[in-house]
Amino acid sequence: MSTRKRHDDRFQPCFPGIFPEEEPESKMPDECVVSGAASVRPTTAEPDAGSNQSPLKRPEGDQLFRPGGAVTLADVKARVAEEPPSLRRRDTLSALRVLFSRVQATDALPATAEAVRRLFAENGPTALGVTELRWRNVRSLVVAAIKQHGMRRRMLTKDLPLSLAWDTLFKQLKREERHALARLARYCTVVGIGPSEVDKETLLGLHEALVAESFVKNPRNILKHTIAVANMAGKRISGEWPLPKLSSPFKTEPFMLPLSAFPASFGADAERWVTSATTADPLDLRARTKAARPATIKSAVYHIRRAASALVRGGHLPIEEITSLAVLVQPLNFVNALRAFMPSDATLPPTDAARIARTLIGIAKIHVPVTEADLVQLKAVLRRLHQRLPPGMGKRHRERVEQFDNPDNVQRLLHFPADEAARARTQRNPERRARGIERSLATAVLIDTGLRLHSLRTLRLDMSFRRANGTVYLHVHRDQSKTDRPLDHILPPATVVLLDEYLRDHRPILPGSDGPYLFPGKTGGPKSESAMRNCISEPLYRHTGIRLNPHAFRHVIGKIVIERDPGAYALISRHLGHTSLNTTLGSYLGTETKVASRHLHKIIDEARSGLPTEV
């Protein structure tokens, strides 16, 4: 690895910051003074031809792009308090008091860009007990105070010229291109890298500098934008562009190989399985009784690729020998493929391995002619995996649901649709107002119905709603349902009012509104899964501090209802569209022991108080 192109060539702690968020101070320490108008460069790097740059003494240690001394937020507060009285001083001290009172051990945090970025990423408006506007104000004031009192850098590279090579390059760029590539050019000038020398190590070094000294919220996004602009400028300027084509320095060779990487016969066999899985024949004992859903097929192909890739990456088989799906279900290959997905921590459940095993056994039962003895062996492995799977909901969903042990979070969630609609109506921009009402309606429907994400995003105006006697019925067709059963719900009056407002005033403004879907995508089809997920989860976290994906609403609804009516299991099971009550009990609730504890404690307290027992 070239040490010249990254931070392994270290400079003094007072080495200048590179990025324009940080303003220079009026005086530089003696050891950082550079004579004349020269810029900064390590002594090992040769200056570009024709440049007027003189070298700076190289230091020792790991302090590149880091502030000198261990300055904490408490130190910053003390220095702000020493300033002459002013409105800025008063507001900054107030902002720091908000942080110190709401977040434990904040005063001991280092006053660095990286620490503050993490602090505000983990503590949103709800965590600080303030509005979003006040939260933004607190962040701005704290960042400004750290720039002034925490980070002792001098912006030598802001005011001094770039190297001759970078300066020549910048004369060919448009204004917006110069702005986007300024960080890269300053960084390369400082560490002695010319435009033609930029490579993966250079980009990794730039990212390290962004993380260490820049207050931008997402350094990776800045780097991604820099790479994109550099490549677009290269296409525009063509032959005169000295930079090589850049790509993300974080890319690694993927573990999972595409189907096209395997022999053609393997891909053809996978296609034959897909065809058979999507064709139902109740009279054929080896065929499926009902066709698999597209999502099931997509998941199964993913599992096939993972298993086959594991055999190749693990050195168990050369890729040329994986010629059909039958190879994957040979007992030895089956076990070797699954072993790659067993967690290194033996206390963790083998969830991925169990899912892949179920898919491969399903293929073996219907598509591949395996012997009965081999099939028995495969099933035995799956049973052993299932014994390691914990009952009830998974760890991630349990953590999401446990947020609602706090009754305040229950109220925040249930009031979110109305609050989001109120925020949306204050927007002056019609499309932003429409998007806000759309988010409000989507969340309200999730709370009222517990629909899965696919069912929610594919609701249609011409099929999913029916009005009768002042009541609005929501119908989910069997093709939209995971369980292949239709679902029917009654929308409460508040949601109906929101639905009518959305359809009358806001949906016509949205792109794709000429299509049939309640929540349209830009081209008239349904909104994509990622767009639907983000329009619910992101504003919910931003305004309430609750982290919840759309599917987890189903778990939360079960928890809220059962904790208020412990006998409502069947009601919840039917409401969520489960084909079996065992699914509800085994995978969705998980809070019934808490309900039982509360009920038991109530009975004991009544007995302790001498109240008569009800017969």
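### Considering the overall build of the chain
Moving on, step 1. Along the backbone of the chain there are 26 helices and 3 strands.
Moving on, step 2. When the accessible surface of the chain is split by element, carbon and sulfur atoms take 53% of a total near 32,000 Å².

### Details of the pairing of strand β2 (residues 471-476)
Moving on, step 1. Burial of the side chains of β2 is restricted to one face: V472, L474 and V476 are buried, whereas none of T471, Y473 and H475 on the reverse face is.
Moving on, step 2. When strand β1 (residues 465-468) meets β2, the two strands line up antiparallel, connected through 4 bridges. Counterpart to R467 in the pairing with β2 is V472.
Moving on, step 3. Once β1 ends, the chain turns through 2 residues before running back antiparallel as β2, passing N469 with a positive phi of about 55°.
Moving on, step 4. With 4 bridges connecting them, β2 and strand β3 (residues 487-490) associate as antiparallel partners. Paired with L474 across the bridge in β3 is H489.

### Quick notes on the environment of R178
Moving on, step 1. Following the sequence through the fold, R178 ends up in helix α8 (residues 175-191).
Moving on, step 2. Since its relative accessible area comes to 33%, R178 is described here as partly exposed.
Moving on, step 3. Measuring from C-alpha to C-alpha, the distance between R178 and V229 comes to 9.4 Å, with 51 residues separating the pair along the chain.
Moving on, step 4. Those residues within four positions of R178 in sequence are excluded, and the remaining contacts are F170 and L173.

### Focus on the sheet that holds β3
Moving on, step 1. One open sheet accounts for 3 strands, arranged β1-β2-β3; its pairing is antiparallel. Both edges of this open sheet fall to β1 and β3, since each of them pairs with a single strand only. Averaged over all pairs of adjacent strands, the angle between their axes in this sheet comes to 25°, without regard to strand direction.
Moving on, step 2. Strands in contact with helix α21 (residues 493-506) are β1 and β2; relative to β1, the strand with the most contacts, it is inclined by about 115°.

### Things to note about the packing of helix α17 (residues 395-402) against helix α23 (residues 552-564)
Moving on, step 1. Their axes nearest at 9 Å, the elements α17 and α23 cross at an angle of 55°. The angle between the axes of α17 and α23 places the two elements in the oblique class. In the crossing of α17 with α23, the sense of the turn from one axis to the other is right-handed. In this structure, α17 uses H397, R400 and V401 to contact α23, whose residues at the interface are A552, H555, V556 and K559.
Moving on, step 2. Here the residues of the contact of α17 with α23 are counted per class, giving 3 nonpolar, 2 polar and 2 charged.

### Topic: the confidence of the model for the chain
Moving on, step 1. Per-residue confidence for the chain gives a mean pLDDT of 81; residues scoring 70 or more make up 82%.
Moving on, step 2. Ranking the elements of the chain by mean pLDDT puts helix α6 (residues 156-159) last, at 43, and helix α14 (residues 331-339) first, at 96.
Moving on, step 3. In the predicted structure, residues 1-68 sits below a pLDDT of 50 and forms 181 contacts with residues beyond four places in sequence or in another chain.
Moving on, step 4. Across residues 154-159 the pLDDT falls below 50, and counting only partners more than four positions away or on other chains, this stretch makes 27 contacts in the model.

### Digging into the pattern of salt bridges
Moving on, step 1. Throughout the structure, instances matching the rule amount to 18 salt bridges.
Moving on, step 2. With a shortest N-O distance of 2.7 Å, R425 and E501 are connected by a salt bridge. With R425 in helix α18 (residues 407-425) and E501 in helix α21, this pair connects stretches of sequence that are 76 residues apart.
Moving on, step 3. Since its relative accessible area comes to 44%, R425 is described here as partly exposed.
Moving on, step 4. For R435, the salt bridge goes to E431, with nearest N and O atoms at 3.9 Å. Placement of the pair is R435 and E431 together in helix α19 (residues 430-449), with a separation of 4 residues, close to one helical turn.
Moving on, step 5. With relative accessibility at 35%, the residue E431 sits in the partly exposed group.
Moving on, step 6. Three or more residues are tied together by salt bridges with common partners; here these are E431, R435, E438 and K527.

### A closer look at the nonpolar core
Moving on, step 1. Among the nonpolar cores identified, the biggest contains 41 residues, and L413, L456 and L548 are the most heavily contacted of them.
Moving on, step 2. By residue number, the principal contributor to this core is α19, which donates 8 residues.
Moving on, step 3. Not counting residues up to four positions away in its chain, the partners in contact with L548 are R400, Q403, F404, L413, S537, L540, F553 and V556.
Moving on, step 4. Counting residues in each nonpolar core, the second largest holds 37 residues, with V274, A300, A307 and I356 among its members.

### Considerations on the packing of aromatic side chains
Moving on, step 1. Applying the stated rule across the entire model yields 4 aromatic pairs.
Moving on, step 2. Between F120 and W135 the ring centres are 5.9 Å apart and the planes differ by 75°, which places this aromatic pair in the edge-to-face class. With F120 in helix α3 (residues 113-122) and W135 in helix α5 (residues 132-149), this residue pair connects regions lying 15 residues apart in the sequence.
Moving on, step 3. Classification of F120 as buried rests on a relative accessible area of 4%.
Moving on, step 4. Taken together, a centroid distance of 5.1 Å and an interplanar angle of 45° make the contact between F262 and F266 tilted.
Moving on, step 5. R460 extends its terminal NZ or CZ atom over the ring of Y517, reaching a point 5.3 Å from the ring centre.

### A word on unusual backbone geometry
Moving on, step 1. In this structure, N469 takes a positive phi of about 55° despite not being glycine.
Moving on, step 2. Topologically, N469 is positioned in the loop between β1 and β2.
Moving on, step 3. Of the residues examined, N469 reaches a relative accessible area of 84% and is grouped as exposed.

Rules used throughout
Residues numbered from 1 in each chain as written. Predicted model: local features only at pLDDT ≥ 70, side-chain atom pairs only at ≥ 80, totals over all residues. Heavy atoms only, no water. Helix = DSSP H or I, 4+ residues; strand = E, 2+ residues; numbered from the N terminus. Areas by Shrake-Rupley, 256 points an atom, 1.4 Å probe, with all protein chains shown as cover. Buried < 20%, exposed > 50% of the residue type's maximum accessible area, 1.4 Å probe, protein only. Pairing = 2+ DSSP bridges. Contact = heavy atoms within 4.5 Å. Axes fitted to C-alpha atoms, helices over the stretch in contact; angles between N-to-C directions. Parallel < 35°, antiparallel > 145°, perpendicular 65-115°, else oblique. Left-handed = near helix turned anticlockwise from the far one by under 90°. Nonpolar A, V, L, I, M, F, W, Y, C, P; charged D, E, K, R; others polar. pLDDT = per-residue confidence, 0-100. Salt bridge = Lys/Arg side-chain N within 4 Å of Asp/Glu carboxyl O. Core = buried A, V, L, I, M, F, W, Y, C linked by side-chain atoms within 4.5 Å. Phe/Tyr/Trp six-rings, centres within 6.5 Å; stacked < 30°, edge-to-face > 60°. Lys NZ or Arg CZ within 6 Å of the ring centre and 35° of its normal.

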